[in-house]
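# Observations on the three-dimensional arrangement
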Amino acid sequence: MKKVLRYLLMTVMALCISLPCLSAEAASVALLPLINNVQGDEVANQVFYKNAIAALNRSKGFVMVENDKLTAAIEAANVGDEVPSEAAMAKIAKDGGVDMVLAIQVDVINDIPMPSSEENKLKMDIQGYAASYNALTGTYNKQRIYNDSVIPEVFSSRWDLVHEEFGREVRKAVTKALKAKK
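Residues numbered from 1 in each chain as written. Predicted model: local features only at pLDDT ≥ 70, side-chain atom pairs only at ≥ 80, totals over all residues. Heavy atoms only, no water.

### A word on the nonpolar core
The biggest cluster of nonpolar side chains holds 31 residues, and the ones touching the most others in it are Phe48, Ile104, Phe166, Val174 and Leu178. Looking at this core, the elements that each hand over two or more residues are β1 (27-31), α2 (43-58), β4 (100-114), β5 (121-134) and α5 (161-179). Ignoring any residue separated from it by four or fewer positions in sequence, one finds Phe48 in contact with Leu31, Leu32, Pro33, Leu34, Ile104, Phe166 and Val170. In terms of nonpolar packing, the next biggest core, distinct from the first, is built from 15 residues, Met89, Ala93, Val101 and Ala103 among them. (Core = buried A, V, L, I, M, F, W, Y, C linked by side-chain atoms within 4.5 Å. Buried < 20%, exposed > 50% of the residue type's maximum accessible area, 1.4 Å probe, protein only. Helix = DSSP H or I, 4+ residues; strand = E, 2+ residues; numbered from the N terminus. Contact = heavy atoms within 4.5 Å.)

Structural data, given as structure tokens:
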């Protein structure tokens, strides 16, 4: 009899502990279009969306929102050549009905060849900014995206290293913004 009561008590405790987890709601995220200040580089837009959406899907508790109300809020904010200010992102979050707003600006995507007697290398030159606004906590974060890593030039024969590194920077910026949820 004691064993039956013990199992019954453990079942009730397990249910009580897990019930709050079932009522948790995913935070809605608005991803603003890439602010691309690099002339003639349309690949950056594709890389941006691919990596930003992948980072959002990998993070649990977030859902990307795309609707007419949000599109109207983004167009009304009139985003220019740099990431929006805290007030503009707060207005987008309020008018679009989302919990978080993410924006990324890219100013330079380039690689610089560095010939040497040992091995030719490429120096990445990726610069920009990432900004996020969390409507739940009212926090605004703006960080600089900067990559000046040196990579062997041999790898550039098969891959687009510059855009691959830019995609990695996008994933890092989106992940960092999503970790600041609480």
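Further notes follow.
### Notes on the pairing of β4
As paired elements, β1 and β4 share 3 bridges and run parallel to each other. What sits directly across from Val29, in β4, is Met100. Of the strand pairs in this sheet, strand β2 (residues 35-36) and β4 are connected by 2 bridges, and their pairing is parallel. The residue of β4 that forms the bridge with Asn36 is Val106. By the bridge criterion, 14 bridges tie β4 to β5 in an arrangement that is antiparallel. Residue pairing for β5: Leu102 is matched across the bridge by Ser132. Where β4 hands over to β5, the hairpin turn is made up of 6 residues, counted between the paired strands. (Pairing = 2+ DSSP bridges.)

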